[in-house]
Amino acid sequence: MDRRTVLANTGITFSAALAGCSELEDESDEVNGDDPDDHDQDGSDGPEEDDGLGGDDSTDDTDGQDDDQDDEEEEYEIQEEEEQEEQEEQDQEEEEEQEDAEDDEDDEPEERPDVALPEEAEAHLDVLSHDLDSDGSGCEFYAELERISSDDEYHVSFDTEVTLYSDDGETIAEKSGPSVSRDDLGEGKSRVYTVSFDDCEGADQYTFEVVNFSAIRSADAMEADVDIHSELEEKLEIDHEFSWVGEPGSGQCRLTIGATNVTDEYVISATVNSDYLERGLTNLGPGESDEKEIEGSCTEDVESYLVQIGTEDYEFEEAEVVNDHNEEIDAEGEVILSEEAEEHLEVRDHAFVWRDEDRTEVEVRVELEKTSADKYQLSFRFDTHVDDDDGENITGSGRLGASEREQLDEGESRVYSTGVDLVEGIEDAAEYTVEMARFHASVHVDDLEPDFDLDSELDEKLEVTDSSISAEESGDYIPLYNRYGRQSCSRSATVENITEDYRLTVRGPDGERHNKTIELDPGETADFWFSRGSCASDDLTYGFNIHSEGVEEIDDS
């Protein structure tokens, strides 16, 4: 086969290989210093002539394929440029659309709030409703506000403003509304505030705004942080009070700090909210009290105050006996409380002393502290006697205590005393005894809880819906214990059949000596009352028995 024919028939492969190496061959020629044109001149490497044996010349074939490749590359570059231009145009169009949209948003009127409450007012006020009514020429705005914070804790005041806007956000009119001064609006109370406009044409939006809002904590609601030196905690009783000077929130306030020396043997000095001892409590003797007032500036938002007693400096020393005619007689003593009294009283101290300077009288003293709650009122009596070394009573019997019902606060102490007969050799008495002979503790009827005893058949069927107790003869005070006698009182109860399908027959008291039986259909009620019997209640409850006489299921068929 003719070599040229073979080369012609494999031109693609060949020309591709040749094209890939042509650059390397050119570089090789340049490195060797040979000019390709030199080969043409000497005829050694010149192009072969067409021998007329058939097929295209290999060199022409290669050049044709190079031209095709160049055309394809040029066409790709043109296509790429067109796509890039098209993408740039598309990006520009999107950017212009976004700018137009932003311009449209800027042109839209600002959305105005209907109601504007400052953050500090949200805990005190609630807007229940608001609206703008127009009659064609003028209009009237109204808003209903409710006070939701405690008027015992805060003094609230504020002003109001109303602004009307057009649809495109322009201000049509603005006006100040009603003002609320301190304590005008109580807790849980609401009030309608109105503002009238003579001309509101074009008004499409409005804003009701609470301005100049003020919430000042009341003096009674101020919280106190009390810091007293540990050495003084059991020796001083502290009370304190905060008050505004002038109107609440005036900027000036006053602290009143009082102290009572509850010891029997110490004289006490202590700093009070200061570094200087001489400005505080000075030389406070046993049982003595003192009070200090401190004034200063206070901001409107103050909510607590500080009490410091003896934190910077304090002194205490043993008190001297000034009234030596009350000198104790050296005798052993004992105070005996009853079982009930021990639930309410504690013996702090007791003594057998001379009553006067001339030593013509003697007395027995007992200091008692109330340990039960304030609601209990007490009355009691002690019998006293003084014995010699042989255990014989040498003075007769004396009595001390509270003969009438007495109101004592929890933790309060009082001294009770009684004189005893002065006999020869009394100063040599061996012992004295103070023994409780009677004790009463009473509570008001409001401190009692109802507790009525229903038969088990009435469980979840009969309910006591209302009840009461009264003891008019004793001022509505009921004794806790009936050991020393009984006290009558009146009690009543209203009962209801709370079932849907049972008929109940019940029996209960009807006055002083009688009972009554009542038949109750579902939802029906009955009243029972009892007008005598002991009201003594160890467990702070009252009531009576209600019995079941029959439970009948109702047949709806």
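The preceding data block contains the structure.
Calculation criteria
- Residues numbered from 1 in each chain as written.
- Predicted model: local features only at pLDDT ≥ 70, side-chain atom pairs only at ≥ 80, totals over all residues.
- Heavy atoms only, no water.
- Salt bridge = Lys/Arg side-chain N within 4 Å of Asp/Glu carboxyl O.
- Buried < 20%, exposed > 50% of the residue type's maximum accessible area, 1.4 Å probe, protein only.
- Helix = DSSP H or I, 4+ residues; strand = E, 2+ residues; numbered from the N terminus.
- Pairing = 2+ DSSP bridges.
- Axes fitted to C-alpha atoms, helices over the stretch in contact; angles between N-to-C directions.

Student: Any details on the pattern of salt bridges? Residues and values, ideally.
Tutor: Tallying each qualifying case throughout the model produces 15 salt bridges. When the shortest N-O distance is used, the salt bridge between Arg-414 and Glu-406 registers 2.7 Å. For Arg-414, a relative accessible area of 28% puts it in the partly exposed group. On the basis of relative accessibility, which here comes to 15%, the residue Glu-406 falls in the buried class. In this structure, the salt-bridge partner of Arg-503 is Asp-521, at a minimum N-O distance of 2.6 Å. Taken together, the residues Arg-503 in strand S27 (residues 502-511) and Asp-521 in the loop between strand S28 (515-520) and strand S29 (525-530) connect sequence positions 18 residues apart. For Asp-521, a relative accessible area of 26% gives the class partly exposed. Through salt bridges that share partners, Arg-503, Glu-519, Asp-521 and Glu-552 make up one connected network.

Student: Mind laying out the sheet that holds strand S9 (residues 236-244), listing which residues take part and the relevant values?
Tutor: Reading across the sheet, the three strands line up as S9-S10-S13 and stay open at both edges, with antiparallel pairing between neighbours. With partners counted over all chains shown, the strands left at the sheet margins are S9 and strand S13 (289-297), one partner each. Neighbouring strand axes in the sheet, compared pairwise and without regard to direction, differ in orientation by 15° on average. The pairing of strand S10 (residues 252-261) with S13 spans nine bridges and is antiparallel.

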